[in-house]
Amino acid sequence: ILHFKMAIAGQLIDGKVLPRNVSLVTDPYKLYASFFIAQCLKWVEQCAAESEEKFLKNKKVIWSGAIGIPIAYYGSKESDRFKEILNAALFMKEKIHDSEMMVDLDKLYQNSLMDKQSQTFDIVPELYAEASGLFSDFHTADGYYTFFDIGGGTVDSATTYFTRKEGKTRVNFLSAYVEPLGMDILNKASNDSSRL
């Protein structure tokens, strides 16, 4: 599904992709996303457990991680939607197989809403994660920085002020935007002279 993240945020770029002849309580895009994330997490954990079998033997593993979201959505109602999806994925991770009926995913998702929120997984702004390397570098000078993330269907941008005082770094985000313009859309426009 093209521009999936925008669709999850309720800002469709393309037409909706909906299941046919199925009655659901949950938005299908939340089900698609939580199922996909749950499968990815399962796969990562299995691969890590196999490749690090000797090291992990007889040890309890506490998995943690973060999922990046467009920076303009962080702290907004869209942010809550992404958090809800992540928690649903964590809830259903051990309860699903490689394929599932949409009605079964819907039940799992609804049950996840009554489960406690994860303390080891969270969402973070994508641009913050991308910029953290720059801001952790001792040679980065104080000042204003602007970042752009040109994805398939969106452009994220943020302007920050960075300073280091008494060895502590501080990053203040001054503005953050996400717009439905990305490489896919630029490529379509370049092939259609009427849109230029």
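Just above sits the structure.
Conventions used here
Residues numbered from 1 in each chain as written. Predicted model: local features only at pLDDT ≥ 70, side-chain atom pairs only at ≥ 80, totals over all residues. Heavy atoms only, no water. Salt bridge = Lys/Arg side-chain N within 4 Å of Asp/Glu carboxyl O. Helix = DSSP H or I, 4+ residues; strand = E, 2+ residues; numbered from the N terminus. Buried < 20%, exposed > 50% of the residue type's maximum accessible area, 1.4 Å probe, protein only. Axes fitted to C-alpha atoms, helices over the stretch in contact; angles between N-to-C directions. Parallel < 35°, antiparallel > 145°, perpendicular 65-115°, else oblique. Contact = heavy atoms within 4.5 Å. 1 Å grid on protein atoms, 1.4 Å probe; cavity = no way out; pocket = protein on both sides within 12 Å on 5 of 7 lines; lining within 4 Å. Points joined across faces, edges and corners; volume = space filled by probe spheres on them. Nonpolar A, V, L, I, M, F, W, Y, C, P; charged D, E, K, R; others polar. Core = buried A, V, L, I, M, F, W, Y, C linked by side-chain atoms within 4.5 Å. Phe/Tyr/Trp six-rings, centres within 6.5 Å; stacked < 30°, edge-to-face > 60°. Lys NZ or Arg CZ within 6 Å of the ring centre and 35° of its normal.

Chemist: Residue-level account of the pattern of salt bridges, with values.
Modeler: Per the counting criterion, the structure on display carries 5 salt bridges. We note a salt bridge from aspartate 27 to lysine 16, for which the minimum N-O separation is 3.8 Å. Separated by 11 residues along the polypeptide, aspartate 27 in the loop between helix 1 (4–8) and helix 2 (28–51) and lysine 16 in the loop between helix 1 and helix 2 bring together distant segments of the chain. A relative accessible area of 28% means that aspartate 27 is categorised as partly exposed. Lysine 16 gets classed as partly exposed once you look at its relative accessible area, which sits at 43%. A salt bridge links glutamate 94 to lysine 93; the shortest N-O distance between them is 3.5 Å. On the basis of relative accessible area, glutamate 94 is assigned to the exposed category, the value being 58%. Linked through salt bridges whose partners overlap, the residues forming this network are Glu45, Lys93 and Glu94.

Chemist: Account for the packing of helix 2 against helix 5 (residues 102–112), naming residues and giving values.
Modeler: The interhelical angle for the contact between helix 2 and helix 5, taken along N-to-C directions, is 85 degrees, at an axis separation of 10 Å. Considering the angle they form, helix 2 stands roughly perpendicular to helix 5. Judged by residue contacts, Pro28, Lys30, Leu31, Tyr32, Ser34 and Phe35 of helix 2 engage Met102, Leu105, Asp106 and Tyr109 from helix 5.

Chemist: Please give an account of the environment of glutamate 126 that cites residues and values.
Modeler: Tracing the chain through its elements places glutamate 126 in helix 6 (residues 126–136). Setting aside residues up to four positions removed in sequence, glutamate 126 forms contacts with Lys5, Gly68, Ile69, Pro70, Asp149 and Asp156.

Chemist: Tell me what's going on with the layout of surface pockets, and back it up with residues and numbers.
Modeler: One number sums up the size of the largest pocket: a volume of about 380 Å³. What lines the largest pocket is a set of 17 residues, and nearest its centre among them are Leu90, Lys116, Ser118, Gln119 and Thr120. Ranked by the residues each element gives to the lining of the largest pocket, the list is headed by helix 4 (residues 77–92), at 3 residues. Partitioning the lining of the largest pocket into residue classes produces 6 nonpolar, 6 polar and 5 charged. Of the voids in this model, the second largest pocket is the one considered here, and its volume is about 210 Å³. As for the second largest pocket, its lining consists of Phe4, Lys5, Ile8, Ala33, Phe36, Ile37, Ile67, Gly68, Phe82, Ile85 and Leu86.

Chemist: Lay out the nonpolar core in plain terms, naming residues and giving numbers.
Modeler: Of all hydrophobic cores here, the largest spans 30 residues; its most connected members are Tyr73, Phe82, Met92, Ile96 and Leu105. Elements represented by at least two residues in this core include exactly helix 1, helix 2, helix 4, helix 5 and strand 2 (121–125).

Chemist: So, the packing of aromatic side chains: which residues are in play, and what are the values?
Modeler: Scanning the model with the defined rule gives 6 aromatic pairs in all. Here the aromatic residues Phe135, Tyr145, Phe147 and Phe162 are joined through ring pairs into a cluster of three or more. Lysine 59 extends its terminal NZ or CZ atom over the ring of phenylalanine 55, reaching a point 4.0 Å from the ring centre. Here the basic side chain of lysine 95 rests over the ring of phenylalanine 91, its NZ or CZ set 4.1 Å away from the ring centre.

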